[in-house]
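# Close look at the chain arrangement
Residues per chain, in single letters:
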Amino acid sequence: MERSKWILIITLAFLLATLPVTLRNLKSNLVIQCPYLGDVTNVILGKLEGWSLGNQLEVTEEKIGGIKALGPNLTTCHPSFGRDDLLVHCCPPAFETPVPYVDFLSPDPQSPVRVRRPAHLVDENYIAKYNKALSIMKSLPYDDPRSFARQANLHCLFCTGAYDQQNSNAPLSIHRTWLFFPWHRMMIYFHERIIGSLIGDDTFALPYWAWDIPEGMVIPDMYMNKNSSFFHTERDVSHFSPKIVDLNYAYERNLSPEEQLDTNLAFMYNQMVSGARKMELFMGCIYKAGEEGYCNAPGTVELAPHNTLHTWVGSNLNPGREDMGKFYSAARDPIFYAHHPNIDRLWEVWREIHQNQMDIKDPDWLDSFFFFYDENLKLVKVEVRDVLDITKLGYSYEQVDRPWMNKRPMPSVPPKLARQILKANENKLQLSSSNHVSSSDFRSHGRALDASLTVKVNRTRNHLTKSEKEEEEVIVVHGIEVKGDAYVKFDVYVNVADETIITPKFREFAGTFAHIPGGGEMMRRKTDLKLGVSELLEDLEADQDESIWITLLPRTASCSNVTIGGVRTEHIR
Ligand code: C2O
């Protein structure tokens, strides 16, 4: 009698303890068949997990001193939305079972440096070697985390919110936040070492697509060769070489090659130099663990050229311009592994321009962590702090010129004349057009961006003390809400006298919002756009003015699905 009572108690306790796992599995299956049930199960699951794991969580938090670092819980993998109408399954096999991991160790400092070279400069031998390695990688079975399909799915997992965070039910997002640069650095680092190990070459380095310099502003030849493993069918063929890239791509503008080139360089200047004079403006918003730590405001280069080039490369025949045009599929295109090294290089260039003055010291960023399989099939835990010194990581970039550094743009109209025109137009415009507004506070439900919108904004301060001059004046377009699933792009200009002639080649250009939706609920949260404009206002002789005119110019038809909460200026230290 005594004995069967004990067996009953033990069985009950076991069932209770495994309930969350059972539900979690049940949930994955449910979500596959009926997506709308996902939320319901989430709620039940959240409650049950909180209740049954309560004690366990406390222990973990205590163990790490009450600080919760941000990182994925690998056993929470679930199907995610690659597009609104497309549930994708990117989870690795057997993810439910925790795999033992090792902490990251920098490579042996004695090992050779891997020098990443511009893709337009690499030679035949290099291309042959890389081609062979990539075809081996493509032939590995899906079970092997080094296989190309698994490498591509790494991006899918982290970019569509397929994991929850550790110690929290909050989803994890690596785009549109300050995790953008370090996460992609990690991914590319392991990928490069795996490629090298497949051909036994410990000097192997990925090429970088130097789209920021004139020589690199076409799809590099190696990616155009139909008989190589670098070729990919899901691309926009109208953008094949010799078409010059449009770093601010929204739709076909068919500028002359010279005009496109010039515009690209001025655009780079804005994104790298004048628009990125503070950490947050370049790196993206400050994102911390847990639901409350969520943020959604990408840095300049992530918005463009990063997002814009994803879209520019992807096939115009696919609904989301796949493969490069959507994050779930982007890393299936081999050119992804040349695009991102250039992004990574520009992070280094930006640090150099600012003499490392803006390096982030916040432990919450430094402690954020991820997991990757290395070339020896070991699962490695890497923290952001591990990947801040590329010399220690054993790679470098072959230097190229930076012609955009001295492409500080000129105003399209002399500033004094522009102000006269703007003032003269002001009354007339206010009366005649609902798209010319003097208040930056929009109605509570926001304003649709179905046509260009000019807002007169009162600046918070127009006479700065010396210490305030160190601060950066920032235009904030806040509460941007994107409905629907299309690529969304609008540009922001200051004191524009003539909308019909304006392009990013001119000083009035403050920056752009280039948005690739995907990832379900999480990615649909409102975003902010922050654009540094102190230098721009000086050049437009508007730095002493009480107010400025800010124009939002929609560049895609999808902007009719966008609402804006408001526009203001603020200062950041
Ligand atoms: Cu995670 Cu180029 O994107």
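Residues numbered from 1 in each chain as written. Predicted model: local features only at pLDDT ≥ 70, side-chain atom pairs only at ≥ 80, totals over all residues. Heavy atoms only, no water.

Scanning the chain from N- to C-terminus turns up 13 helices and 19 strands. Within the chain, contacts between residues at least 6 apart in sequence are counted, and of these 76% link residues at least 24 apart. (Helix = DSSP H or I, 4+ residues; strand = E, 2+ residues; numbered from the N terminus. Contact = heavy atoms within 4.5 Å.)

Moving on, we come to the packing of helix α4 (residues 148-159) against helix α5 (residues 180-198). α5 packs onto α4 with a crossing angle of 175° between their chain directions and a minimal axis gap of 12 Å. Classified by the angle between their axes, α4 and α5 sit roughly antiparallel to one another. Where α4 approaches α5, its residues F148, Q151, L154, H155 and F158 are matched on the opposing element by W183, H184, M187, H191 and I194. Taken together, the residues of the contact of α4 with α5 break down into six nonpolar, four polar and no charged. (Axes fitted to C-alpha atoms, helices over the stretch in contact; angles between N-to-C directions. Parallel < 35°, antiparallel > 145°, perpendicular 65-115°, else oblique. Nonpolar A, V, L, I, M, F, W, Y, C, P; charged D, E, K, R; others polar.)

Under the definition given, this model contains three disulfides. Residue pairing for C77: its cysteine sulfur links by disulfide to C91, the two sulfurs lying 2.1 Å apart. Taking the sign of the S-S torsion, -95° for the link of C77 and C91, the bridge is left-handed. In this pair, C77 is assigned in the loop between β1 (72-73) and β2 (80-83) and C91 in the loop between β3 (86-88) and β4 (102-103), connecting sequence segments 14 residues apart. Taking relative accessible area as the criterion, C91 reaches 17% and is therefore assigned buried. There is a disulfide in this structure between C90 and C156, and the S-S distance comes to 1.9 Å. On the sign convention where negative is left-handed, the bridge of C90 and C156, at about 65° about the S-S bond, is right-handed. Of the two residues, C90 is situated in the loop between β3 and β4 and C156 in helix α4; the sequence distance between them amounts to 66 residues. C156 carries the same exposure label as C90, and that label is buried. (Disulfide = S-S within 2.5 Å. Buried < 20%, exposed > 50% of the residue type's maximum accessible area, 1.4 Å probe, protein only.)

Okay, the UniProt feature "domain: Tyrosinase copper-binding" (unreviewed entry) in the chain next. The feature "domain: Tyrosinase copper-binding" (unreviewed entry), as given by UniProt, occupies residues 333-344 in the numbering adopted here. A helix fraction of 75% and a strand fraction of 0% characterise residues 333-344, whose end C-alpha atoms lie 18 Å from each other. (UniProt positions renumbered as here; feature names shortened; annotations may be inferred.)

Before going further, it helps to examine the packing of aromatic side chains. On inspection of all chains with the given rule, the structure shows 30 aromatic pairs. An angle of 85° between the planes, with centres 5.0 Å apart, marks the rings of Y189 and F190 as edge-to-face. Residue classification places Y189 among the buried positions, given a relative accessible area of 4%. F190 gets classed as buried once you look at its relative accessible area, which sits at 4%. Ring centres 5.7 Å apart and planes at 90° place the aromatic pair Y395 and Y397 in the edge-to-face group. (Phe/Tyr/Trp six-rings, centres within 6.5 Å; stacked < 30°, edge-to-face > 60°.)

Their axes nearest at 11 Å, the elements helix α8 (residues 300-313) and helix α9 (residues 336-353) cross at an angle of 165°. Between α8 and α9, the angle is such that the two are roughly antiparallel. The chirality of how α8 crosses α9 is right-handed. Contacts between α8 and α9 involve V301, P305, H306, L309 and H310 from the former and F336, H339, H340 and I343 from the latter. Among the residues making up the contact of α8 with α9, the classes are represented as five nonpolar, four polar and no charged. (Left-handed = near helix turned anticlockwise from the far one by under 90°.)

This next bit is on the sheet that holds strand β7 (residues 369-373). Judged by pairing direction, the sheet is mixed, and its three strands sit side by side in the order β4-β8-β7 without closing on themselves. One side of each edge strand has no neighbouring strand; the edge strands of this open sheet are β4 and β7. By the bridge criterion, two bridges tie β4 to strand β8 (residues 379-383) in an arrangement that is parallel. Across the sheet, residue D103 finds its bridge partner in β8, namely K381. (Pairing = 2+ DSSP bridges.)

Another point: the pattern of salt bridges. Per the counting criterion, the structure on display carries 40 salt bridges. A salt bridge links E348 to R185; the shortest N-O distance between them is 2.9 Å. In this pair, E348 sits in helix α9 while R185 sits in helix α5, placing the two residues 163 residues apart along the sequence. On the basis of relative accessible area, E348 is assigned to the buried category, the value being 18%. Ionic pairing is found between R351 and E348, a salt bridge with its closest N-O pair at 3.3 Å. Taken together, the positions of R351 and E348, both in helix α9 and three residues apart, correspond to about one turn of that helix. (Salt bridge = Lys/Arg side-chain N within 4 Å of Asp/Glu carboxyl O.)

Another point: the pairing of strand β14 (residues 488-494). Taking burial as the measure, the seven residues of β14 include seven buried ones, the bulk of the element. Here β14 shows a buried face lined by V488, F490, V492 and V494 and a second buried face lined by K489, D491 and Y493. Where β14 and strand β15 (residues 509-515) come together, six bridges link them in antiparallel fashion. Paired with K489 across the strands is A514, a residue of β15. Of the pairings in the sheet, the one linking β14 to strand β17 (residues 547-554) comprises five bridges and is antiparallel in character. Note that in β17 the partner of Y493 across the bridge is T551.

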